[in-house]
Amino acid sequence: MNTKQLRYLLTIEQFGNLSAAAAALGISQPALSKALHEWEESFGFELFLRYNRKLMPTAVGRQIIEYAQKILDEQSQMMLTLQNLEEQDRKVIRLCTAPNRAAIIYSHVYQDFSRHFPGIALQLVERYASEQPAAVRRGQVDLALGAGPMSEEVSDIPFAREELLLALPASHPLAGQKQVALTQLKDTPFALQGRKHSIRSIVDTLFEQAGYLPVIAFESNDVFLLDAMLHKAIGAGFVSKIHVFPCEDLVYLSLDPPVYQMTHIRYPLDHELTDAEKFLAGLLIRHRLNDERYEAIPSACTSELLSRVNAGEQAAQASVVRESGDHEVQEINLEPQILLYMIGIVEEGGLMAAAERYYLSQPALSRYLRQMEKMLGVRLFSRQHNRLEPTNAGKIFINSARNILRFESEMEKSIEKYRKGHGGHICIACNSMIARYFLAHTQSVFEQDCPEMRLALVRDSSKQIQEDLLNASADIGLYFTNTRKQKDLHQEVLASCHWRYCPAKGKGLPQAEEKVRIMLGMDGTELRQEQELVLADLFESPPHVVGQAELQILLEMLESGMADTLLPEDFLREAQREKSICLEDHEVHLVLAINPSRMLPEPAKRLMDIIRSQFTDSISAICAFSCRGDS
């Protein structure tokens with residue numbers, strides 16, 4: 001894929017919506033949809049699936065997007081370096097952004113800005129938000145784009161905001177609330193951003209208002225490292241709402257009252273922005289507000305800057321490419337094969353030998369070189385003693401070309417590995433208890449009907465299976481759940497039964513004031529997860545768990561009368577069922593699930609028919625088979 005196509009993929013992932021992504025890219029939605037369909041056809045698998053009304057990358061889609069980001073970052077860094085070589089003869093606007101964001105922003109605004117102001121170079125400077133006002137005041141940068149509180153050191157234009165959410169481990173006792181006051185978390189350790197980070201400056205003020213200093217278990221300016229530590233449940237943390245993605249490890253809650261982080265354009269006090277600076281500021285604002293996850297902060301100043309961008313683009317004819325000196329400013333779009341040709345010129349020392357190496361005519365290779373130099377706006381080679389030697393710009397370009405091709409090669413290997421792992425087979429995800437029954441009663445029947453297809457069986461919890469179906473890691477799901485319907489999946493109920501409360505002493509349901517001792521399934525199993533959901537409805541506060549065990553052991557312990565337990569009625573023996581209490585409002589369902597947005601192959605549909613015939617009304621049979629397997 002060329003870098004233009006990779007930028008399209010990243011923009012779809014950024015917005016999660018084809019119409020918004022197409023608007024940001026300046027193309028029609030049908031054109032972008034058609035391109036995405038063609039890429040998926042060529043790969044042989046989906047890159048995105050619809051989830052909660054958004055397009056979310058599939059498992060393999062995420063891998064491709066990670067490599068796409070590396071390639072585009074390399075391209076942006078190359079263009080910045082090439083541009084810096086020419087800055088002696090050009091005016092420069094020094095734009096300050098947060099670390100890790102410079103290359104991304106540059107790749108989105110560089111093309112539009114250069115078309116309108118080809119004689120002005122952009123120089124990017126990275127500073128944390130807390131350092132930006134001082135950099136502006138000292139004259140180290142001309143414009144800054146960053147988040148955080150208002151500053152009296154600079155002229156400040158706040159134009160967008162996003163809510164700051166509290167990230168809590170899923171096991172935290174407050175994880176079930178919708179809002180949390182910071183005063184409720186005095187005894188909770190925190191994983192926080194470093195003091196240079198914009199969020200940290202807001203958080204420090206919040207703790208001061210809450211009247212206590214937090215216990216900081218981990219602290220880092222590296223947002224990726226911090227996110228990894230939060231997922232390890234090291235403590236609570238603060239995350240911008242735009243960077244929140246559903247997961248099992250964490251819950252994200254609003255603060256009470258809600259807290260917001262603002263995004264600003266900053267420039268020196270008493271400085272009147274030039275036309276170029278106003279246009280650049282307008283591009284930055286438009287780029288950020290095109291992302292629906294940000295909430296606009298209306299102001300006359302913001303409206304004026306956006307109007308300048310719109311007016312400038314309306315005045316410019318789309319087909320006209322402006323000239324700067326002796327070269328034209330064109331959209332940067334690097335083709336992997338052309339990069340390989342350019343590297344060949346360096347390695348062979350000339351056009352003729354490189355053309356022979358790639359079975360091209362010399363005029364064709366010469367034409368590719370001219371087009372590349374025209375697009376980049378620099379000379380890449382000069383003739384030295386009958387050899388073509390790379391210029392300084394050429395050396396920078398060739399180094400980046402090699403890096404891009406390395407990322408491209410790694411991406412292709414990753415795709416091929418995924419294709420080999422998923423081609424020619426159907427992936428079915430089951431609860432571990434169901435998997436045993438499936439292997440004994442269904443696999444052989446399917447393999448006789450479809451000998452050309454292999455089955456890949458994955459054992460996991462119900463929640464993880466649902467996630468695997470949503471991101472296309474699994475084709476079919478077969479699991480127990482208390483919920484008959486799931487919003488983003490098609491769940492077909494194969495069998496159902498009621499939950500039963502099993503008191504140790506043969507009494508009725510415990511009263512509210514009674515202390516309840518209960519035995520449950522093993523922590524992390526699907527049985528335990530569903531038990532806890534039912535218990536949450538039965539008791540205001542969780543009962544005391546005195547033991548946990550596999551199903552068969554749990555049934556044996558029930559006979560001893562040590563503690564109460566909770567099980568589906570088809571799991572119980574006849575005598576145990578008679579002594580238990582039926583919970584009419586709580587059922588467990590055996591479901592066959594698929595992602596309705598996916599087109600499954602015919603063998604997968606045949607497998608679903610076999611499952612229906614083998615699993616109907618068989619919850620008790622699955623339980624009995626599983627217990628025999630345990631013994």
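These numbers were taken from a predicted model, which means no experiment stands behind them.

(A) Representation of the side chain of E373 within the structure. Residue placement: E373 occurs in helix α13 (residues 362–376). Summary of buried charges: E373 has no salt-bridge partner, and the nearest side chain of opposite charge, R379, is 5.1 Å away. Once residues within four sequence positions are removed from consideration, E373 is found in contact with V378, R379, L380 and F381.

(B) How the structure looks around unusual backbone geometry. Across the junction of D256 and P257, the peptide omega takes the value 0°, indicating a cis bond. Here P257 lies in strand β11 (residues 250–267). Within the chain, A233 stands out as a residue other than glycine whose phi angle is a positive 60°. Within the fold, A233 resides in the loop between α8 (223–231) and β10 (237–240). Owing to a relative accessible area of 41%, A233 belongs among the partly exposed residues under this scheme. One non-glycine residue, D270, lies in positive phi territory at about 60°. Looking at the element boundaries, D270 is found in the loop between β11 and α9 (275–289). Classification of D270 by relative accessible area gives exposed; the value is 83%.

(C) Geometry of the nonpolar core. W39, L47, M342, I345, M372, L376 and F397 are the most contacted members of the largest nonpolar core, which totals 63 residues. Secondary structure elements with two or more residues in this core: α1 (3–15), α2 (18–25), α3 (29–43), α4 (59–85), α11 (336–348), α12 (351–357), α13 and α14 (392–422). Here L47 is in contact with L9, L36, W39, E40, M56, P57, T58, G61 and I64, once residues within four sequence places are set aside.

(D) Layout of the pairing of strand β4 (residues 120–126). Extensive coverage of β4 is indicated by the burial of five of its seven residues. Of the strand pairs in this sheet, strand β3 (residues 91–97) and β4 are connected by seven bridges, and their pairing is parallel. Across the sheet, the residue bridging to R94 is Q123, located in β4.

(E) Layout of the environment of W499. As for its position among the elements, W499 is in strand β20 (residues 490–502). W499 sits in the buried class, given a relative accessible area of 1%. Side chain to side chain, W499 and N482 meet in a polar contact 2.9 Å long.

(F) Spatial organisation of the pattern of salt bridges. Applying the stated criterion across every chain yields a total of 23 salt bridges. Among the salt bridges present, the one from R357 reaches E347, with a minimum N-O distance of 2.8 Å. Taken together, the residues R357 in helix α12 and E347 in helix α11 connect sequence positions ten residues apart. When its relative accessible area of 34% is taken as the criterion, R357 is described as partly exposed. Here E410 ties to R406 by a salt bridge, and the two come within 3.4 Å at their closest N and O atoms. Of the two residues, E410 and R406 both sit in helix α14, four residues apart, roughly one turn of that helix. Assessed through its relative accessible area of 27%, E410 is described here as partly exposed. Salt bridges here are not isolated pairs; linked through shared partners, they connect R195, R200, D204 and E219.

Calculation rules
The numbers attached to residues start from 1 for each chain and follow its sequence in the written order. pLDDT decides what is reported in this predicted model: residues at 70 or higher carry local features, side-chain atom pairs at 80 or more are listed and counted, and totals for whole chains, interfaces and linings draw on all residues regardless. Where side-chain values are given, they derive from all heavy atoms of the structure, hydrogens and water being excluded. What counts as a helix is a DSSP run of H or I of at least four residues, what counts as a strand is a run of E of at least two, and both are numbered from the N terminus. Accessible area is worked out with a 1.4 Å probe on protein chains only. A residue is then buried under 20% of its type maximum, exposed over 50%, and partly exposed in between. Counting rule applied: Lys, Arg positive; Asp, Glu negative; His and chain ends not counted. Counted as salt bridges are all cases of a side-chain nitrogen of Lys or Arg within 4 Å of a carboxyl oxygen of Asp or Glu. Any two residues whose heavy atoms approach within 4.5 Å at even a single point are treated as in contact. To qualify as a nonpolar core, a set must consist of buried Ala, Val, Leu, Ile, Met, Phe, Trp, Tyr and Cys residues joined through side-chain atoms within 4.5 Å. In short, DSSP must find at least two bridges between two strands for them to pair. Two N or O atoms form a polar contact when they lie within 3.5 Å of each other; inside protein one atom must be a possible hydrogen donor and the other a possible acceptor, and for residues adjacent in sequence the pair counts only when both atoms belong to side chains.

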